[in-house]
Amino acid sequence: MGCPYGQGAETAPEDDDANHRAAIGQPKAANAANAANAAPPASAFSPGTASAAPDLTTNSSLHAALAEGAKTDFSRDMSYGDYLHLDQVLNAQHPLSPDHNEMLFIIQHQTSELWMKLMLHELQAAIGAVSRDELPAAFKMLARVSRIMEQLVHAWDVLATMTPPEYSAIRRYLANSSGFQSWQYRCIEFVLGNKKAAMLRPHAHRPDLLGRVQAAYETPSLYDESLRLLARRGLPVPNSHVQRDWREPYPASDAVEKAWLVVYRDPARHWDLYQLGEELTDLEDAFRLWRFRHLTTVERVIGFKRGTGGTSGVGYLRKMLDVVLFPEIWRLRTDL
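Residues numbered from 1 in each chain as written. Predicted model: local features only at pLDDT ≥ 70, side-chain atom pairs only at ≥ 80, totals over all residues. Heavy atoms only, no water.

Draft legend 1. Expanded view of the overall build of the protein chain. Broken down by element type, the protein chain carries 15 helices and zero strands. Within the span of the protein chain, comprising 336 residues, buried residues form 38% of the whole. If you sum the accessible surface of the protein chain, you get close to 19,000 Å²; carbon and sulfur atoms cover 55% of it. (Helix = DSSP H or I, 4+ residues; strand = E, 2+ residues; numbered from the N terminus. Buried < 20%, exposed > 50% of the residue type's maximum accessible area, 1.4 Å probe, protein only. Areas by Shrake-Rupley, 256 points an atom, 1.4 Å probe, with all protein chains shown as cover.)

Now the structure itself:
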């Protein structure tokens, strides 16, 4: 399935104030004379509803809030919406089709990108913590990333409510845009160790974004830093996995598995390293679930059609299920 990143129609800067007034039920100045005669909106919750303003002085919730000393005048102070920049966030959805269901498709992908932004924030900080032997902090961050992955897994349940005819109605408007082109997702793959130089190409047209993706490509992954930590603790990690070309795909190693086995055969002695191994296991487990739900949602909605970004769609996603990020941590369970 594709996603319409960067494809939305733009609002002219000079219309921003007028659009804001419309969003809170005030007519644009040019249309003020016609506002009173406008047809009522389809939904009572739509902007511009032509009903009388509610009497807030009789609102029991407001009375309770005022009794608690809640602030209600934000004419000179920052409000909740100001802090979160909600005007920008809630006006960032620009459907290109006339179809009702495109809003679901856009918001699904935009919220996923926000969660991925937080994932990268936590993953990059966790890598730094591991490199400094600050494992308690790293554990907190990695646990948070696993919970974020759970949110992303459940998000597919919402998108799965879009039926094949509904997606077909918007698909042509997506052109060649696709989640495959998400620079944040590519950074996450690289940070977790799944590195391929070809995956830099979709970002070549944006030097600013390419620089960020390339930085994740060229630096040690979370697993690389974990192995370097094991080596610093005196465990038998081979030099080939402590200093190498970090741009290359990770090469699984029997010697690395033996180093992890030392940890797993005596957890009490290596408790924090044992916990690190299990945090990595939790993370990859959650990532596998996300990939699987991605696959099943795509198959449910578009079947075996090719993806908008040019991949084989379901076939490509099935191959991704075979990618193992931390191979020795999974293999050692057989050898314990």
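Here the narrative resumes.
Draft legend 2. Highlighting the side chain of Arg 291. Mapped onto the fold, Arg 291 is located in helix H13 (residues 271–302). Exposure remark for Arg 291: the relative accessible area of 5% places this residue in the buried category. Excluding residues that lie within four positions of it along the chain, Arg 291 makes contacts with Tyr 185, Glu 189, Asn 194, Met 320, Leu 321 and Val 323. (Contact = heavy atoms within 4.5 Å.)

Draft legend 3. Up close: the confidence of the model for the protein chain. Taken over all residues, the pLDDT of the protein chain has a mean of 86, while the share at 70 or more is 83%. Note that pLDDT drops below 50 for residues 2–44; the model gives that stretch 49 contacts with residues more than four away or on any other chain. (pLDDT = per-residue confidence, 0-100.)

Draft legend 4. Main features of the side chain of Glu 284. You can see Glu 284 is positioned in helix H13. Its relative accessible area of 1% is what places Glu 284 among the buried residues. In contact with Glu 284, not counting residues within four places along its chain, are Val 323, Val 324, Leu 325, Phe 326 and Trp 330.

Draft legend 5. Seen up close, the pattern of salt bridges. What the rule picks out here adds up to 18 salt bridges. Between Arg 144 and Glu 122 there is a salt bridge, with the nearest N and O atoms lying 2.9 Å from each other. Residue Arg 144 is found in helix H7 (residues 135–159), and its partner Glu 122 is found in helix H6 (residues 102–131); the two are separated by 22 residues along the sequence. According to the relative accessible area criterion, Arg 144 is partly exposed, its value standing at 36%. We note a salt bridge from Glu 299 to Arg 318, for which the minimum N-O separation is 3.1 Å. Taken together, the positions of Glu 299 in helix H13 and Arg 318 in helix H14 (residues 314–320) put the pair 19 residues apart, joining distant regions of the chain. Members of the salt-bridge network, linked through shared partners, are Asp 133, Arg 232, Arg 233 and Asp 272. (Salt bridge = Lys/Arg side-chain N within 4 Å of Asp/Glu carboxyl O.)

Draft legend 6. Just the packing of aromatic side chains, in detail. Scanning the entire structure with this criterion turns up 12 aromatic pairs. On the numbers, 5.8 Å between centres and 80 degrees between planes, the contact of Phe 180 with Tyr 316 is edge-to-face. With a gap of 136 residues between them, Phe 180 in the loop between helix H8 (164–171) and helix H9 (183–191) and Tyr 316 in helix H14 connect regions that are remote in the sequence. Assessed through its relative accessible area of 22%, Tyr 316 is described here as partly exposed. Three or more aromatic residues joined by ring pairs make a cluster, and in this case those are Trp 156, Tyr 185, Phe 287 and Trp 290. Cation over ring: Arg 288 sits above Trp 330, and NZ or CZ is 4.1 Å from the ring centre. Above the face of the Trp 330 ring, Arg 333 is positioned so that its terminal group lies 5.8 Å from the ring centre. (Phe/Tyr/Trp six-rings, centres within 6.5 Å; stacked < 30°, edge-to-face > 60°. Lys NZ or Arg CZ within 6 Å of the ring centre and 35° of its normal.)

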